[in-house]
Amino acid sequence: MIFFQKKSKAPANLMLAYFLFAMGIVMFMLYVIYTGLVARVPWLYRLPSPLYYGMFPAAYLYAVMMVYDRQKFPARYLWHFLPVLLHLLEMMPYYLT
C-alpha cells in the first residue's frame, strides 16, 4: 500500500496526488465543455491550464522515484517543470484581471 510503507516516500506520494488531482480537474473541465456550461462560466476555461502542463512531469517524476527507489526529490529533474512556469508567467495577466 502507498500510505503504509516503512520508508518515507512523501515526495513521490505528493507527485502522485498532484497527478490525480490534475486528472480530476481535466475530467471536470471536459464535463463543463461537453455539457455547454462553459458558456455560463467562461472564466473557468483557462483557469486550470497550468495544472495541465504540470501533470505529466509529475507522473514522470513519480515513476522515476518509484523505479529507482528514491527517498528525496531529484533536483536535476526540475527542468521538467519549466513549461509550467513559463505558461504561468504567460497567463499571469489573465489571472490578475
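Please read all numbers here as calculations on a predicted model, not as lab measurements.

**Q** Would you mind showing me how to read the confidence of the model for the protein chain here?
**A** Detailed reading of the predicted coordinates is not advisable wherever pLDDT falls low. Counting all residues, the mean pLDDT for the protein chain is 86, and 91% of those residues have values of 70 or more. Helix α1 (residues 10-35) holds the highest mean pLDDT among the elements of the protein chain, 92, whereas helix α3 (residues 82-96) holds the lowest, 88.

**Q** How do you make sense of the environment of V32 when you look at a structure like this?
**A** Within the secondary structure, V32 sits in helix α1. According to the relative accessible area criterion, V32 is buried, its value standing at 3%. The spatial distance from the C-alpha of V32 to the C-alpha of L44 is 9.1 Å, given a sequence separation of 12 residues. When sequence neighbours within four positions are dropped, the list of residues in contact with V32 reads L37 and V38.

**Q** Help me understand the packing of α1 against helix α2 (residues 49-67), please; the structure alone is not making it clear to me.
**A** In the contact formed by α1 and α2, the axes pass within 8 Å of each other and the chain directions differ by 145°. The chirality of how α1 crosses α2 is left-handed. Across the interface between the two elements, P11, A12, M15, L16, Y18, F19, F21, A22, M23, I25, V26 and M29 of α1 pack against P50, L51, Y52, G54, M55, A58, A59, L61, Y62, M65 and M66 of α2. Across the contact of α1 with α2, the residue classes break down as 22 nonpolar, one polar and no charged.

Reading the values: the criteria
- Residues numbered from 1 in each chain as written.
- Predicted model: local features only at pLDDT ≥ 70, side-chain atom pairs only at ≥ 80, totals over all residues.
- Heavy atoms only, no water.
- pLDDT = per-residue confidence, 0-100.
- Helix = DSSP H or I, 4+ residues; strand = E, 2+ residues; numbered from the N terminus.
- Buried < 20%, exposed > 50% of the residue type's maximum accessible area, 1.4 Å probe, protein only.
- Contact = heavy atoms within 4.5 Å.
- Axes fitted to C-alpha atoms, helices over the stretch in contact; angles between N-to-C directions.
- Left-handed = near helix turned anticlockwise from the far one by under 90°.
- Nonpolar A, V, L, I, M, F, W, Y, C, P; charged D, E, K, R; others polar.

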